[in-house]
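Geometric and topological summary
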Amino acid sequence: MKKIWLATFAALVLAACSTSKASLISEANGHEYVPLAPGALVYMYADVANMEALLDILPIEALRQKEVADMIERTDNAMMAFYPNDEKRSFMLAGAGTYPAFGANMGLFFSSAWKKRRSETGASYWYSEKGRNALSLSADQVFVSDGDPFAPAPGVVIPEGFAAFRRDAILALWLDDAATPVNQFLQAFMESLGIRPVLEMLGVSLTLPVGQAMISVQAVNENYSALIRIGTPSVSQTRGLIGLLSLMKRFLPSTDDPFSLAALLFANDPQEDGLFITLRTGEFNAQSLVALMSMFTLSSNSHTPR
């Protein structure tokens, strides 16, 4: 037993002195992939090392389990996916960093709360029935989920332009099909402004033909700013969406709150870029950042897959 703990201590020292060189991105068939499963509502990148604590941003209780939280604190960057309508899992996280793999796996082995399971991909991982958490880690990578933490190879293809779009971002996300969340948000927003009946009377469509969407969040002084890019099927529909936003802006009530949702979204005029509309928000604080992330991740806690 003494030799085991000496080996554990040595592994921890070596891990603390090493530098992570792992990459979460692989290449195949001329595309770049991340090790996440397809079918997610949203895929997210996080520069964990250069942002506020990830656990304070993401409202996912499972990530706060001690063994998982300890590994996330050692993570440099991570890719995440959220599956609110999936019976197998509600989220996945793949992280790159420096981890005490030997000591951590040894601790999980002796813990009664964690049991070894076999992934559909053939790899093994640890699972906590009480915490509804799956965990697998090596010296430079960690995988976390509330279901199987591994995705079939090669994973999910990264959209064209996303790498450049997320440059210098602390958080960035994409939605392959943003129609449902974008329309739900816009309709709720119009309802809150009291202008939905007016738009219906004018014959303005309240359901927008939205395609892919991307959001990039940058640190600005002690606050944040976001770039929102929304795709449409045609240039005419892009212009129609810009027209709708301009119409909504006329109904905005005056406010002294610089962090209000209206002030953030309409701080700058929307820009047309072919099949895309681009919005640059105003600056917002950490509380607003949490609310922004909650819009896309909170529903992923609605069930507990096994």
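Residues numbered from 1 in each chain as written. Predicted model: local features only at pLDDT ≥ 70, side-chain atom pairs only at ≥ 80, totals over all residues. Heavy atoms only, no water.

**Observations concerning the sheet that holds strand 8 (residues 133–137)**
To keep it simple, the criterion reads: Two strands make a pair as long as DSSP finds a minimum of two bridges between them. Secondary structure counts use DSSP, requiring at least four H or I residues in a row for a helix and at least two E residues in a row for a strand, with both numbered from the N terminus. In this description, a line fitted to the C-alpha atoms serves as the axis of each element, helices being fitted only across the stretch in contact, and the angle between N-to-C directions of two axes falls anywhere from 0 to 180 degrees. The contact rule is simple, with two residues in contact once any of their heavy atoms fall within 4.5 Å.
If you trace the 12 strands from one edge of the open sheet to the other, you get 6-7-8-9-5-4-3-11-12-13-15-14, paired in antiparallel fashion. Since the sheet does not close on itself, it has two edges, and those belong to strand 6 (114–118) and strand 14 (271–273), each with one partner. Strand-to-strand twist in this sheet, taken as the mean axis angle between neighbours without regard to direction, amounts to 20 degrees. Two strands pair when backbone bridges link them, and strand 3 (residues 42–46) and strand 11 (residues 171–175) are joined in this way by 4 bridges, in the antiparallel orientation. The partner of Met44 across the bridge, within strand 11, is Leu173. In this fold helix 4 (residues 101–110) packs onto strand 6, strand 7 (124–128) and strand 8, with an angle of close to 145 degrees to the strand it touches most, strand 8.

**What about the pairing of strand 7?**
Put simply, the rule is: Only protein chains enter the accessibility calculation, which uses a 1.4 Å probe. A residue is then buried if its area is under 20% of the maximum for its type, exposed if over 50%, and partly exposed in between.
Within strand 7, 4 of the 5 residues are buried, which leaves the element mostly enclosed by the surrounding structure. Bridge count between strand 6 and strand 7: 5 bridges; the pairing is antiparallel. Paired with Lys115 across the two strands is Tyr127, which belongs to strand 7. The antiparallel hairpin formed by strand 6 and strand 7 contains 5 residues in its connecting segment, where Gly122 sits at a positive phi of about 105 degrees. Across 3 bridges, strand 7 lies against strand 8 in antiparallel orientation. Its bridge partner lying in strand 8, Tyr127 is registered against Ala134. What sits between the antiparallel neighbours strand 7 and strand 8 is a turn of 4 residues, in which Arg132 has the positive phi angle 50 degrees.

**Some thoughts on the side chain of Arg89**
Cut-off, in case you're wondering: Under the counting rule used here, the positive set is Lys and Arg, the negative set is Asp and Glu, and His together with the chain ends is not counted. For salt bridges, the criterion is a side-chain nitrogen of Lys or Arg within 4 Å of an Asp or Glu carboxyl oxygen. The definition of a polar contact used here is a pair of N or O atoms within 3.5 Å, where within protein one atom must be able to donate a hydrogen and the other to accept one, and adjacent residues in sequence count solely through side-chain atom pairs.
With respect to the secondary-structure elements, Arg89 resides in the loop between strand 4 (75–82) and strand 5 (91–97). Buried and unpaired, Arg89 has Asp86 as its nearest opposite-charge partner, separated by 4.6 Å. Reaching out from Arg89, the side chain makes a polar contact with the backbone oxygen of Asp148 at a distance of 3.0 Å.

**Some remarks on the nonpolar core**
Short version of the rule: To define a nonpolar core, start from buried Ala, Val, Leu, Ile, Met, Phe, Trp, Tyr and Cys residues and group those joined through side-chain atoms within 4.5 Å.
Leu54, Leu63, Leu171, Val217 and Met248 are the most contacted members of the largest nonpolar core, which totals 67 residues. When residues of this core are assigned to their parent elements, the largest contribution, 6 residues, is made by helix 8 (residues 235–250). In this view, Met248 contacts Leu186, Phe189, Met190, Ile195 and Phe266; residues no more than four positions away in its chain are not counted. Ala81, Tyr125, Phe162 and Ala169 belong to the second-largest nonpolar core, a separate cluster that totals 28 residues.

**Observations concerning the environment of Val142**
With respect to the element layout, Val142 can be found in strand 9 (residues 141–145). You can call Val142 buried: its relative accessible area is 1%. The spacing of Val142 and Gly95 is 47 residues in sequence and 5.1 Å in space, taken between C-alpha atoms. Leave out the neighbours within four places in its chain, and Val142 touches Met71, Thr75, Leu93, Ala94, Gly95, Tyr99, Leu135, Ser136 and Leu137.

**Thoughts on the environment of Ser216**
For Ser216, the position within the fold is in strand 12 (residues 213–220). By relative accessible area, Ser216 is classed as buried at 0%. Separated by 48 residues in the primary sequence, Ser216 and Asp168 place their C-alpha atoms 8.9 Å from one another. In this structure Ser216 touches Phe165, Arg166, Ala169, Leu171, Ala172, Ser225, Ala226 and Leu227, once residues within four positions along its chain are discounted. One polar contact links Ser216 to Gln218, side chain to side chain, over a distance of 2.5 Å.

Read these as layout, nothing more, since geometry by itself doesn't imply function.
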